[in-house]
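# Overview (structure and organization)
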Amino acid sequence: GFAKSTTRTIARVRSLRTMAIGEEREAKGTHFEFKVLAKHKRARAAILRLKNYDCHTPMFMPVGTQGSVKGLTNRQMEQLGCQVILGNTYHLQLKPTSELLDEVGGLHQFETWRRGLLTDSGGFQMVSLLELAKITEEGVVFRSPRDGQEMLLTPEESIKIQNRI
């Protein structure tokens, strides 16, 4: 039932995430590199090298759910020391769509943001939008709150969307 499907879907996401990031201490993917520089007990300082920007951890990441951080300009975020904006795969696929973002040169161009961008898998919406989601063996079927249209988000599709973004 529900629990079994959820467990399998989560296992597939973890498997893809492990393939993407590898070891915790040093990871290298096609779009990033992560290296721990120093540790003290459970705390650590690291560098996250993204395609176009090097970020230093720990860091605060404002959320730009639909491609923008509300209430602040990019200049203000830079002045505050913001290194990365977090985008939401599910919401960006609904609007403006990953296809449109790809056409305009990606989320960096859309936001006119020169620093780092990260996107989540869209998996949190399995919980936060449970009334709009149905978990299956294949992935999660979401019903759009805008027009009721269904979208199947599998781990593989999530990665394809994030690559277009």
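Details of the structure are given in the entry above.
Residues numbered from 1 in each chain as written. Predicted model: local features only at pLDDT ≥ 70, side-chain atom pairs only at ≥ 80, totals over all residues. Heavy atoms only, no water.

### A closer look at the pattern of salt bridges
The full count for this structure, using the stated rule, is four salt bridges. D54 is paired through a salt bridge with R49; the nearest N and O atoms lie 2.7 Å apart. Residue D54 is classed as partly exposed on the basis of its relative accessible area, which comes to 33%. Given the relative accessible area of 37%, R49 is considered partly exposed. Among the ionic pairs, R164 bridges to E157, the shortest N-O distance being 3.6 Å. The structure contains a network of salt bridges with shared partners spanning E99, E157 and R164. (Salt bridge = Lys/Arg side-chain N within 4 Å of Asp/Glu carboxyl O. Buried < 20%, exposed > 50% of the residue type's maximum accessible area, 1.4 Å probe, protein only.)

### Quick notes on the pairing of strand β8 (residues 140-143)
Residues in a regular strand point their side chains to alternate faces of the sheet. When strand β7 (residues 133-135) meets β8, the two strands line up antiparallel, connected through three bridges. Bridge pairing in β8 links A133 to F142. If you look at the hairpin formed by β7 and β8, you'll find four residues sitting between the two strands. Pairing between β8 and strand β9 (residues 150-153): four bridges, direction antiparallel. The residue of β9 that forms the bridge with V141 is L152. (Pairing = 2+ DSSP bridges. Helix = DSSP H or I, 4+ residues; strand = E, 2+ residues; numbered from the N terminus.)

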